[in-house]
Amino acid sequence: MAPMTVADHLLDRLREWGVEQVFGYPGDGINGLLAAWGRAGDRPRFIQARHEEMSAFEAVGYAKFTGRLGVCAATSGPGAIHLLNGLYDAKLDHVPVVAIVGQTNRSAMGGSYQQEVDLLTLYKDVASDYVQVVSVPEQLPNVLDRAIRVALAERAPTAVIIHADVQELEYSPPRHEFKMVPSSIGIDWPAIDPDDEAIGRAAEVLNAGERVAILAGAGARGAREELERVADLLGAGVAKALLGKDVLSDELPYVTGAIGLLGSRPSYEMMNGCDTLLTVGSSFPYTQFMPGLDQARAVQIDDNPRQIGMRYPYEVNLVGDAAATLRALIPRLRRRQDRSWREGIEESVLRWRETVRMEAMVEADPINPMRLFHELSERLPHDAIVTADSGSAANWYARNLVFRGDVRGSLSGNLATMGCGVPYGIGAKIGQPDRPVIVFAGDGAMQMNGMAELLTIKHYWEEWLDPRLIVAVLHNNDLNQVTWEMRAMQGAPKFPQSQTLPEMDYAAYAASLGLQAITVNKPKEIGPAWDRALAADRPTLLDVRCDPNVPPIPPHASFEQAKDTAEAMMKGDEDRWGVIKQGVKTKVQEFLPHREGK
C-alpha cells in the first residue's frame, strides 16, 4: 500500500470535518491534490465550475443556504487570484468559506518562477482572520483545523496555501516534541446567553416606547417565532435588511418589507415616526434610513461583539443569540394596549402593496420588469430558494417579491458584485438538491459569467432530486442599474458606449444545452412561462424582454408620487424617471442603490 501523502491526509481531514463537496477548478498547482482526489474516490466531491471565481461564489451560495462550511479550491497564481472576488463576497456578507490554494514548489520560491505570486500578501486582507502556508507535512492538521474553526467562528473566509511539492510528500503527523503543534477535529459551540441585568435594562427601554420599530437582519433568521412574539407584545412593525428578507414572511401585516434605497415606503415612514428602535441581528449600515440620532431610544441584539453598538447610538447593546435573547426578553415585556401605532403600520403596508401591484401592472415596452417578480410572488413555492444578481434585479427582488413559508433568498448584500446570481443558485442546488431554486439575473451579469455557468447546470442537474433550477434573465440590452445611477447621481443621460450590451439570444443558447428555454416577449406570457418553468422536469431559462426605462421608485417618494410615476411610465423617458431626479439625487450621492447591509 502506497504511503499517505499530505494531499491524501488533507482530503481525509476534510471528510472528518463533515465536508461533503469542494467547489473548484483544476491546475498544476494542485495536481497533487487532484491525484489524491482520484485515490479517494472523489470524496469529498469535487464540483467543477467554469472559472475559479464561480467556484468561490458557489461555495458562498452553498454556505448561505445550508448553514454549513463552504470550501473552494484553486491552483497557484491565476487560480488563486480568480478566487478573490467570491472570497470578498464571503468576507463582507459574513459567510464561512475555506479556500485551499496551491503554490509553486518551495525550491522555486523567490526565483521569479512561473505563477509565483506572493499569496500571503495577496490574501492577508480577504482572509485576514486566518491565512497560512503549509511548508512541511507536520503543519497540515493544525493549519487546516484552525482555518475551518476560524471560518466557522468568525463567519469569514480563511485560506490554506500548500506548496505543490508539499502536497506530494509522505504525510507524517506532528510529534510529541518541541515546536510541534498537534491538533484535533470538531468544535462544540456555547450557548451565548444575554446578561440578566442588561435584559432588564433593555425591557425598560422597550416598555417605555409608544411607537416601536424593529429592524431585523440575517442574524435573526433562527428567531422567527420569538421575533413575531416580541413584535406582537410591543405593537411594533418589522422592517427587514436586504440580507434578512427571508427572516419573516412578507404576508404578516406588520412586516414593512425592505429598508434602504431598495426599501419600502412603510419602512421609511416607520423609521421616521418611531420613538423606540429594536435592532436584531443586523448591521445595516445606512443611518440615513434609521431614526434621527436624537429621535429614538434604541436596543441592539447581536451575537457578534465586533458588530454590536454600530450604526446608531444604542442605549443597550445585548451580545447573545437572537432567539435566546428574545426569549429572555419576552417575560419582561408588557403587552401594549394602545394598538394605534401598529394599526397605522398595517394600513401603510396595505397601501404600499397596492401601489407596488399597480406599478407592476403598468404597461411597458415590451415588459415591465416588476411584473416578472409580481407574478412569481403568486406562484412561489413555499420551499423555494431565490437568488438575485446585483443590478436592477436586486431592486425588484427587494421590493416586489413576496416571501412566505420557508422561502430562502439572498444576494451579494455588501460587496454587491455582479455575476453571483447563477453560481449562488448552483451552490444552493448542490447543498439543497430537493428544493426548487430560482435565479434572477440581468443580461449584463449573464454575459459576464452566467452563460458559462449554464454549462455547470447542464453538467449536474440530472443528479438533483428536484430538477427545477430556473434562471430568469432580465433582457434589456442595458447595464440598467448604472444607467439609472448616472441619471440620479450625475443628472446625465445614458452613455451608450459603456451601457449598451450586444444582443444575445439567451433562450437559444440554453436550448442548445438541453435546458428548457422560454422566450417571453409580452406581459400576458409571463404567468404561463412561470407555470411551465415551475412544472418542468429540467432546469429552465426564461429570456424576458424587459423595458430598460422602468424607474426604481425611491422609498421616500409618497404613495401619490409612486402612483403618479406608475401611471406616467409610458409617457416618455423624462416622466419615467422624473421622481428620481426630483427626490433621490441627494440621498443617492452618499451610496449606490444596490448596496444594502446585513
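Before going into details, it helps to say that this report is about the structure given with it. (Residues numbered from 1 in each chain as written. Predicted model: local features only at pLDDT ≥ 70, side-chain atom pairs only at ≥ 80, totals over all residues. Heavy atoms only, no water.)

1. Description of the pattern of salt bridges
Any two side chains of opposite charge can pair if their charged atoms end up close together. Heads up, the condition is: Salt bridges are identified by distance alone: a Lys or Arg side-chain nitrogen within 4 Å of an Asp or Glu carboxyl oxygen. A helix here means a DSSP run of H or I that spans at least four residues, while a strand means a run of E at least two residues long, and both kinds are numbered starting from the N terminus. Working definition: with a 1.4 Å probe on protein chains only, accessible area under 20% of the residue-type maximum means buried, over 50% means exposed, and in between means partly exposed.
Enumeration over the complete set of coordinates arrives at 36 salt bridges. With a shortest N-O distance of 2.9 Å, arginine 221 and aspartate 246 are connected by a salt bridge. Placement of the pair is arginine 221 in the loop between strand S7 (212–216) and helix H10 (224–234) and aspartate 246 in the loop between strand S8 (237–240) and strand S9 (255–258), with a sequence separation of 25 residues. The salt bridge involving arginine 468 is made with aspartate 466; its shortest N-O contact spans 2.8 Å. Here arginine 468 and aspartate 466 have matching classes, each one buried.

2. Comments concerning the sheet that holds strand S2 (residues 45–48)
Sheet strands pair via backbone hydrogen bonds, and the direction of the pair is either parallel or antiparallel. Test applied: Strands are labelled as partners when DSSP assigns at least two bridges between them. Comment: axis = line fitted to C-alpha atoms, over the contacting stretch for helices; angle = value between 0 and 180 degrees taken between N-to-C directions.
Here we have 6 strands laid out as an open sheet, ordered S2-S1-S3-S4-S6-S5, and parallel in their pairing. Each edge of the sheet is formed by a strand with only one pairing partner; in this case those strands are S2 and strand S5 (131–134). The average angle at which neighbouring strand axes cross in this sheet is 25°, direction not considered. Bridging between strand S1 (residues 21–24) and S2 involves 4 bridges; their strand directions are parallel. Note on S2: the bridge partner recorded for glutamine 21 is arginine 45.

3. Things to note about the sheet that holds S9
This is how the line gets drawn: What makes two residues a contact is simply this: any of their non-hydrogen atoms within 4.5 Å.
The strand order across the open sheet built from 6 strands is S9-S8-S7-S10-S11-S12, with neighbouring strands paired in parallel fashion. Whereas interior strands pair on both sides, the edge strands pair on one side only; in this sheet they are S9 and strand S12 (316–319). The mean inter-strand angle of the sheet, taken between neighbouring strand axes irrespective of direction, is 15°. Across 5 bridges, strand S10 (residues 276–280) lies against strand S11 (residues 297–302) in parallel orientation. Across the sheet, the residue bridging to threonine 276 is arginine 297, located in S11. Sitting on the sheet, helix H12 (residues 322–329) touches S10, S11 and S12, and the angle it makes with S11 is about 135°.

4. Some words on the packing of helix H9 (residues 196–208) against H12
Selection criterion: Angle categories: roughly parallel below 35 degrees, roughly antiparallel above 145, roughly perpendicular from 65 to 115, and oblique for all the rest. Should the near helix be turned counterclockwise from the far one by less than a right angle, the crossing is left-handed, whereas a clockwise turn marks it as right-handed. Throughout this entry, Asp, Glu, Lys and Arg are counted as charged residues, while Ala, Val, Leu, Ile, Met, Phe, Trp, Tyr, Cys and Pro are counted as nonpolar. The remaining residues, Gly among them, count as polar.
Close contact between H9 and H12 brings their axes to 10 Å; oriented N to C, the two are set at 70°. With respect to their mutual orientation, H9 and H12 come out roughly perpendicular. With respect to the hand of their crossing, H9 and H12 are arranged in right-handed fashion. The segment H9 lies against H12, with Ile199, Ala202, Ala203 and Leu206 engaging Thr325, Ala328 and Leu329. Classifying every residue of the contact of H9 with H12 gives 6 nonpolar, 1 polar and no charged.

5. Remarks on unusual backbone geometry
A cis amide bond, omega -5°, links arginine 43 with the succeeding residue proline 44. Relative to the helices and strands, proline 44 resides in the loop between helix H2 (31–39) and S2. The linkage connecting aspartate 365 with the following residue, proline 366, adopts the cis geometry, with an omega of 0°. A positive phi angle, close to 60°, is found at histidine 94, a residue other than glycine.

6. With respect to the side chain of threonine 417
As a reminder of what qualifies: Identification of polar contacts relies on pairs of N or O atoms within 3.5 Å, with a donor-acceptor requirement for protein atoms, meaning one able to donate a hydrogen and the other able to accept it, and with residues adjacent in sequence counted only if both atoms are side-chain atoms.
Secondary-structure assignment places threonine 417 in the loop between strand S14 (408–410) and helix H16 (421–431). Taking relative accessible area as the criterion, threonine 417 reaches 9% and is therefore assigned buried. Engagement of the side chain of threonine 417 in a polar contact is seen with the side chain of asparagine 85, the distance being 2.9 Å.

7. With respect to the packing of aromatic side chains
Put simply, the test is: Note on aromatic pairs: the rings of Phe, Tyr and Trp (six-membered ring only in Trp) are paired at centre separations within 6.5 Å, and the planes decide the class, stacked below 30 degrees, edge-to-face beyond 60, tilted for the rest.
Tallied over the entire structure, the rule returns 9 aromatic pairs. A ring pair is formed by phenylalanine 57 and tyrosine 424, whose centres lie 6.4 Å apart and whose planes are at 80°; its orientation type is edge-to-face. Placement of phenylalanine 57 in helix H3 (residues 52–66) and of tyrosine 424 in helix H16 is noted, with a sequence separation of 367 residues between them. Assigned by exposure class, phenylalanine 57 and tyrosine 424 land together as buried.

8. Description of helix H17 (residues 443–460)
Working note: α-helix, 3.6 residues per turn, so residues spaced by three or four point in the same direction. Stated precisely, the cut-off is as follows: Fitting axes to the seven residues that end at a residue and to the seven that start at it, the angle between those axes gives the bend at that residue.
Helix geometry: H17 is bent most strongly at asparagine 449, by close to 60°. Residues of H17 that are buried: Asp443, Gly444, Ala445, Met446, Asn449, Gly450, Met451, Glu453, Leu454, Thr456, Ile457 and Tyr460.

9. A closer look at H16
Burial runs high along H16: 11 of the 11 residues are buried. Here H16 has its buried residues at Gly421, Val422, Pro423, Tyr424, Gly425, Ile426, Gly427, Ala428, Lys429, Ile430 and Gly431.

10. As for the nonpolar core
For the record, the criterion: What we call a nonpolar core is a set of buried Ala, Val, Leu, Ile, Met, Phe, Trp, Tyr and Cys residues that are connected through their side-chain atoms within 4.5 Å.
Counting 55 residues, the largest nonpolar core has Leu83, Tyr123, Met446, Ile457 and Val471 as its most contacted members. In terms of residue count, the dominant contributor to this core is H3 (8 residues). Leaving out residues up to four positions away in the same chain, tyrosine 123 has contacts with Ala80, Leu83, Leu84, Leu87, Val101, Ser128, Val131 and Ala159. Counting 40 residues, the second-largest nonpolar core is a separate cluster that includes Leu376, Ala394, Val407 and Leu534.

11. Some details on the side chain of threonine 540
Assignment of secondary structure puts threonine 540 in strand S18 (residues 540–545). With sequence-adjacent residues up to four places away left out, threonine 540 is seen in contact with Leu469, Ile470, Val471, Gln516, Ile518 and Ala533.

12. Notes on the environment of isoleucine 385
You can see isoleucine 385 is positioned in strand S13 (residues 385–388). Taking the C-alpha atoms as reference points, isoleucine 385 and proline 552, 167 residues apart in sequence, are found 24 Å from one another. Once residues lying within four places of it in the same chain are set aside, the contact partners of isoleucine 385 are Phe65, Arg408, Ala428, Gln432, Arg435, Pro436, Val437 and Ile438.

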